[in-house]
Every structure is written in C-alpha cells, then in structure tokens.
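Reading the structure
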Amino acid sequence: MEKKWEEMTPEEKQETLFARWISPKDPEGNDLKFPSPEVEKLYKERVTRIKDAIQLKKKPDRVPVLLIPSFAPAYYAGLTPHDVMYNYEKIAPAWKKFFVDFQPDGHGHAFVPSPGKFLDILDFKLYKWPGHGVSKNTTYQCIEGEYMRADEYDAFIHNPLHFFYFTWPSRVFGALEPLAMLPPLAGVTEMYTASVPFMPYGMPPVKAALKAMMDAGDEALKWMGACMTFAGEITMAGFPAYLAGATKAPFDIIGDTLRGTKGVMMDVYRQPNKLIEAMEAITPMLIQLGVDAAKMIGCPLVFMPLHKGADGFLSDEQYKKFYWPYLKKIILGLVDEGVVPFVWAEGGYNSRLEVIRDLPKGKTAWLFDQTDMAAAKKALDGIACVGGNMPMDLLTVGTTEDAIAHTKRLIDVCGKGGGYIMCNGAFFDKVKWDNLRAIVDTVKKYGVYK
Amino acid sequence: MAANLVNALADLKEEEALKIVKDRLGAGEEPLKILEDARKGMEIVGKRFADSEYFIPDLVYSGEILKGVTELVKPKMAKAAESKKLGKIVFGTVAGDIHDIGKDIVVFMLDVNGFDVYDLGVDVPVQKFVDKIKETGAPIVGLSGFLALAFDSMKDTVEAIKKAGLRDKVKIMIGGGQMSDEIKKYTGADAYGKDAMAGVTLAKKWVGA
C-alpha cells in the first residue's frame, strides 16, 4: 500500500515528486500519451539526467544543459517583447520554436511575457514595461521604491497577510488604491458586528477596485491559457519543465519590492530586530508557496532567484546574520517536503560559498551567475549540484569559438563526477543565436560521461 | 573634538555624528570646518570600501549619515561654499536602462571624493551625453548600465561622442551589472570599473590627482 504523504521521509517525498515528474499525467489524470515512444524516451531521459545531476547518487549519462531565457524566444521569433505581452496567442509558437530549435534538456515555461492588458487594467506602478515607460522592444524594468514605509514593520509583522492582500496592492496597483480602506475581517466573529467591516465594500471607489480585480482576473486567465498551451505542446515535444513554481529568500522579499534596496540596507542598521522579525513572520508562507507549487504541478524543482545577498551587497557578517539563516529556513522547509530548491544566485556568490555548504546532501541545485565556478564546485562538491555561469558578455558579444571554449572549460572544471548542469548565468534577451546553439551542441558532444 | 566627527562618520555612528555636528554648530563653529571633517570621514569610508572592509550597505548608510550632517550644516552657511574640485564628470545610466542604484552610489562616491559630477539620471539619450560634454567641457564620462541592452546603448553613446569630435577630449568609463572588460572593448570605452571605488580610482588617475 502506498504511504501517505505525511508518513513519508523527505527522501521519499522527493522521490515521489521526481516519479510524478518523470511520468506526467494528462488533464484527466491518466498517464500522458506522448506522440511517439521516441519522444517519451527523450522526455524521461531528460528528467533522469537532471535528477541524477541533482541527487548526486550517480553520474548522469551526460551533463544536462538548460537555457533560462528572458524575452529571447520573442526576439528569436522576430517579435518584440510588446508583441508577446499584448498578443498572448503569439507566446506559445515563439517559445516552442525557441526550445525545439535549440534542444536544451528542459523548458522554464513561458511566464516571462506578463499579460500587458492585466497590467494596464490594474495600472501597475512597480515596473515599466514594453510600450509603457520603456520601448516596445525592451524588457520590463522594476521601479525601486519604499512600497512599505520604514515605520510599518510592526503592522507588517502582526499581519503580513493583510499587508499582502490590501496595503501593498493598494500601492503598486493604481486601480487598487481603494483597497487601503479595507479593514481586517477579525470583527466578523460576532453577528452584531459582522456587517461593520463590510461597509467600505459598498463604497463606489472600492467597488471600482473590485471590478478592476475581476477584469484583471479574466485577463490573467486568458494569459494562463496561452502559457498552458505552450506547456502542453512543449511537453508533447519531449521537454520537461525545470520548475514547478518559485519562492524567494525573506531578505529579498523585503528588500526587492517592499522596502527597496536602500530601505532594507538602512533597516540593517536602524532597525535590525524588526527586519529579522518580519523575515520570520513570512517564512512559513514562503515555504508553503514552493511546496504547494511542487505538489500541485508534480515536479520537485522550485525556482529561487537570489538577489541582495550577492557579493558586496552585504558584508560577510551581515549575510550570516540577515540573509543566510532565513534563506536556509526556507530551503530546509522545502527540502523537508521533498522539494528541490533550484537556486539562482545572481551576481557574484564567491564570498558566500563556504556559508552555503551547510546544507543536506543532494537536495538542492545552485545556479551561479558571475561566481568562480572552480571554487563553487570545490565548495559544494558532494553537497549540491552546481550550474550556470554561461556569461552574458560571451553570449552577447563573444565569438562562437569563445563560447565553445568556455563550455568545454566549464565541463572540465565542474562536470567531473556529475552534479553539474550547464546553463546561462543571467536571464537573456537578444544574444548571438549561434553561440547558444554552439553551447548546447558542445555539451551534447563533450559532456557525455563515459 | 575635530577627530570625533571624522571617526563617527567613518565608523558609521549615525547618532553620534549628528550629535557632534549639533554641538559644534551650537558652539558657533564655522560650518565649512564641520563639512571638511565630514569629507575626511567619507574618505575613510571610501578607503574601507576599496579594502573590502565595507560593503554596499555601508556606503549607502554613510551617504544617509552625510545627508543628515549636511542638512544640519547647510542652513548655517552664509552662501554655498565653493570648494576646489578635482574635475568635471558627466555621468548617467545609458538609453533604455532605468537602473539607478549603482549609478547613484558611484556618483555619490565621486562627489565626496571631490569631483564635480553632472548626473544626467537614467535612460539618458545619446545626444544628452554629447550636449553635456560640450556644455561643461568635462574630461571624463561615466556610463552606467545594469541590463545587457546597455551594451549597445553604451556603444552608441561612445560612437556619438566620437562623431561629435569629442572622443579625444574625454576618457570614458563603464560599469554596472553585466559589464566586463569584454564589454569595454565592445563599446569602445576606455575603462571598466567593477565598483564605485574603482570608478573613483579611474577618475583620479585620469585627472592626475
């Protein structure tokens, strides 16, 4: 008899999620029928290759190679970022063409082109996007700000959910400003006061905000339909998705889009304890975010982009006090539930390598951007799968020969004994397509384990 | 007394620094002297950053403390003090890129190190750089960028400076997220600085300071 989820060890949970990933279901819950045995074999080989690289139990048949693009598939298809953000039906063909043409070992979904009309309806303030603050032919860019004020930590700590449901949206979505008027519903536990917190819902501005949310929901559904069309088609072409969802480090949640870079850096000095309390307050929900995604999708990999713990962004001491303990809690919370944190350490991570060694073996994968890969491999050897580091300058302005040489060097340095995934180090848009092709081809020839 | 403000700033002791400034102003001290001490403190901050003793949060925080000091001192000054500057620099984040944190840190460090910085902001059109160089006669240009799209914007900017006949009159440095020596070559700039203090070092070298 099958064990219940709650009775499984973390290892068993991870194996169960990998098993679900390798044998995907169709929407009716039956085993997915691939178009041919060859495609099915290709799909399963790819999952197995990534799994072996991550678990460190045995060498994969060859080094897995992944491409993690930003708007590259749009550019490759001759489209602008604006085209795909506003014409959802253009997403699937472009993204499919990209992965089918380059033949990496997996795809990372097509969520990069956020739905433009959704952003328009809600009057999104947090980003400039193609045709809305930046050119139609450019990627979107975040507008830093203090979307949570320095004096709001107590309110946040006491009720982070209220903050995320009402306060924060009322600031980053122009159309949702009236949500700031909505109180918590704690008062509804007695009948005679039940109606009181509902009063604002009768006010015209709040009604307009709720209407905007519903319209935005329609748009999000349409867009998700387009993304799922891609996911279905690309799976049937033999490509597994290398992520089920995403979560983040608590310090980045607060530093990226709540307090902002400068805000969180000031908090490190001016109110360190509040910052720590706030990170603790959101830790369970950040773990849940990853676990829910992995269990729902049936894939153990959950993406974790890391930002403000990079080299230089914090001192060693600050990293060990403010960043790592809370990131580690998230990672271990995910690992406990069988999830594999697929960590994307942006910038340099050279000064952190010794710290992040403190992890259970074969449970995480670390993709690096500008980190010295020999040092990364040495530090994490036998602890975690490493990857990344295909440099942006090489992809963009380097020669094909340079790209091939760098790929071979990475395989020589990091590929030894398995535990390595070849992949780019930062999201890419327009690059030299020949270089991408050369990298994938080189891995397939040069990265085979004998 | 004088050394205290220097140390308080250098050691990032915000409350202490502000208290010293208030006390010294209360005692009727010359505001310029106070600012001179603050500048000395910032020099130490910059040195510690260059020595990897301080990191970005320390720089940002020192900037906040300095801002507090300046706010206290400014109202007491008869007129804006004209201190001797090392040289003029035109600075900005290149066209298409709106990232400002890195740029702001470098501009700030150049400023406290005695340079006269013309900060053009973010998403700066090529022509604006050219016009500002002409207008100010600045011998140094700093191009900042976070995204890979900045590679081409930087290249275009350098090209435009060349076309305007100004290329041999200016030294150009680049920096930011995905920049490297490879990208320096690609853009035709003179140097790549990996962080704020590298930018200061380059600028000082170029003006012979």
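Residues numbered from 1 in each chain as written. Chains lettered and ligands numbered in written order. Predicted model: local features only at pLDDT ≥ 70, side-chain atom pairs only at ≥ 80, totals over all residues.

So, about the overall build of chain A. In terms of regular secondary structure, chain A is built from 18 helices and ten strands. Relative to the globule expectation of 22 Å for 450 residues, the C-alpha radius of gyration of chain A, 23 Å, shows essentially globular dimensions. Based on the C-alpha atoms only, the size of chain A along its principal axes is roughly 75 × 55 × 50 Å. The burial tally for chain A puts 48% of its 450 residues in the buried class. Restricting to contacts in chain A with at least 6 residues of sequence separation, those with at least 24 account for 73%. (Helix = DSSP H or I, 4+ residues; strand = E, 2+ residues; numbered from the N terminus. Rg over C-alpha atoms; globule rule 2.2 N^0.38 Å. Buried ≥ 20, exposed ≤ 12 C-beta atoms within 10 Å, placed from the backbone. Contact = placed C-beta atoms within 7 Å.)

A word on the overall build of chain B. Across its full length, chain B holds nine helices and five strands. Moving toward the C terminus, one meets the helices and strands of chain B in the order α-α-α-α-β-α-β-α-β-α-β-α-β-α. For chain B, whose C-alpha radius of gyration is 18 Å, the value lies close to the compact-globule estimate of 17 Å for 209 residues. Principal-axis analysis of the C-alpha atoms places the extent of chain B at approximately 55 × 35 × 30 Å. For chain B, the residues scored as buried account for 50% of the 209 residues in total. Sequence separation of at least 24 residues holds for 75% of the intrachain contacts in chain B that already meet a minimum separation of 6.

Every contact between the two is made by 26 residues of chain A and, on the other side, 20 residues of chain B. Elements that contribute at least two residues to the side of chain A that touches chain B include exactly α12 (260-270) and α16 (392-397) of chain A. Broken down by element, the residue count for the side of chain A that touches chain B peaks at six residues, all from α12 of chain A. In the side of chain A that touches chain B, the residues fall into eleven nonpolar, ten polar and five charged. (Nonpolar A, V, L, I, M, F, W, Y, C, P; charged D, E, K, R; others polar.)

As for its placement among the helices and strands, Q318 of chain A is situated in helix α14 (residues 316-336). Along the primary structure Q318 of chain A and V268 of chain A are separated by 50 residues, whereas in three dimensions their C-alpha atoms are 8.0 Å apart. In this structure, Q318 of chain A is in contact with V268 of chain A together with P57 of chain B, ignoring residues within four places of it in sequence.

On to helix α15 (residues 373-380) of chain A, then. In an α-helix, one full turn covers 3.6 residues, which means residues spaced three or four apart are oriented alike. Residues and elements named next belong to chain A. Of all the positions in α15, only A376, K377, A379 and L380 are classed as buried. Angularly, the buried residues of α15 cover 165° about the axis, an arc narrow enough to put them on a single face. For α15, the secondary structure elements touched by its buried residues are β8 (365-368), β9 (385-390) and α17 (400-414). G382 sits one or two positions beyond α15 and adopts a positive phi of about 80°. (Arc of directions from axis to C-beta.)

So, about the domain arrangement of chain B. Many structure descriptions define interface size as the accessible area lost when the parts assemble. Residue and element names in this part refer to chain B. Split by domain assignment, chain B resolves into domain 1 (2-76) and domain 2 (87-207). Spacing between the C-alpha centres of domain 1 and domain 2 amounts to 27 Å. Each partner contributes to the interface: domain 1 provides nine residues, whereas domain 2 provides eight residues. Looking at the side of domain 1 that touches domain 2, the elements that each hand over two or more residues are α3 (31-50) and α4 (56-73). It is α3 that provides the largest number of residues to the side of domain 1 that touches domain 2, a total of five residues. Of the residues assigned to the side of domain 1 that touches domain 2, the class counts are six nonpolar, two polar and one charged. (Domains from an automatic or database assignment.)

The nonpolar side chains of a soluble globular protein tend to be buried with one another. If you look at the biggest cluster of nonpolar residues, it comprises 208 residues, and the most contacted ones within it are V302, F342 and A365 of chain A together with L9, M109 and V141 of chain B. Ranked by residues supplied to this core, first place goes to α14 of chain A with ten residues. Shared between two domains, this core takes at least three residues from each, and those domains are domain 1 (2-76) and domain 2 (87-207) of chain B. Not counting the four nearest positions on each side in its chain, M109 of chain B is found in contact with G46, L59, A196, M197, G199 and V200 of chain B. (Core = buried A, V, L, I, M, F, W, Y, C linked by C-beta atoms within 7 Å.)

Residue and element names in this part refer to chain A. What the three strands build is an open sheet, ordered β3-β2-β4; its pairing is mixed. Strands with a single pairing partner mark the edges of an open sheet, and in this sheet they are β3 (133-134) and β4 (141-142). Across two bridges, strand β2 (residues 127-130) lies against β4 in antiparallel orientation. Paired with K128 across the bridge in β4 is Q141. (Pairing = 2+ DSSP bridges.)

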